[in-house]
Amino acid sequence: MKKHLPKSARKSRPSDHDRLIRAVASSTAIETGESIQAIEQRLKTGRSRFRHLKLA
């Protein structure tokens, strides 16, 4: 039987968005040799070299 813990006692899980950023960053880091943290920061700041391009 599971015990219901108060919200403050539960471990918070990263959001789906954060998990997606981590997955993309780690995959890119493996391919490029760059650190995961650097890639994560770049993804979170939203700076993009191709911001002017629109997706179809």
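Each value, and the rule that gives it
Residues numbered from 1 in each chain as written. Predicted model: local features only at pLDDT ≥ 70, side-chain atom pairs only at ≥ 80, totals over all residues. Heavy atoms only, no water. Helix = DSSP H or I, 4+ residues; strand = E, 2+ residues; numbered from the N terminus. Expected span 1.5 Å × (residues − 1). Buried < 20%, exposed > 50% of the residue type's maximum accessible area, 1.4 Å probe, protein only. Arc of directions from axis to C-beta. Contact = heavy atoms within 4.5 Å. Polar contact = N/O pair within 3.5 Å; in protein donor to acceptor, adjacent residues only side chain to side chain. Axes fitted to C-alpha atoms, helices over the stretch in contact; angles between N-to-C directions. Parallel < 35°, antiparallel > 145°, perpendicular 65-115°, else oblique. Left-handed = near helix turned anticlockwise from the far one by under 90°. Nonpolar A, V, L, I, M, F, W, Y, C, P; charged D, E, K, R; others polar. Salt bridge = Lys/Arg side-chain N within 4 Å of Asp/Glu carboxyl O.

Okay, helix H1 (residues 16–32) next. Spanning 17 residues, H1 covers 24 Å between terminal C-alpha atoms, matching the ideal 24 Å at 1.5 Å per step. Buried residues of H1: Ile 21, Ala 25 and Ala 29, and no others. On an axial view of H1, the arc spanned by its buried residues comes to 65°, and they lie on one face. Among the exposed residues of H1, those pointing more than 90 degrees away from its buried face are Asp 16, Leu 20, Ile 30 and Glu 31. Buried residues belonging to H1 abut helix H2 (36–45). At the exit of H1 stands Gly 33, carrying a positive phi of roughly 85°.

By secondary structure assignment, the location of Ser 35 is in the loop between H1 and H2. Residue class for Ser 35 comes out partly exposed when judged on its relative accessible area of 36%. A polar side-chain atom of Ser 35 sits 3.2 Å from the main-chain amide nitrogen of Ala 38.

Here we come to the packing of H1 against H2. Direction vectors running N to C along H1 and H2 enclose 130°, while the axes themselves pass 8 Å from each other. With respect to H2, the axis of H1 lies oblique. The way H1 lies across H2 gives a crossing that is right-handed. Of the residues in H2, those touching H1 at Asp 18, Ile 21, Arg 22, Val 24, Ala 25, Ser 26, Thr 28, Ala 29 and Thr 32 are Ile 36, Ile 39, Glu 40, Leu 43 and Lys 44. Partitioning the contact of H1 with H2 into residue classes produces seven nonpolar, three polar and four charged.

The next subject is the pattern of salt bridges. Here the structure, examined in full by the defined rule, presents three salt bridges. The residue Arg 19 makes a salt bridge to Asp 16 at a minimum N-O spacing of 3.1 Å. Of the two residues, Arg 19 and Asp 16 are both situated in helix H1; the distance of three residues between them amounts to about one turn of the helix. Among the residues examined, Asp 16 registers a relative accessible area of 55% and is labelled exposed.

Take it as geometry only, folks, not as evidence of what the structure does.
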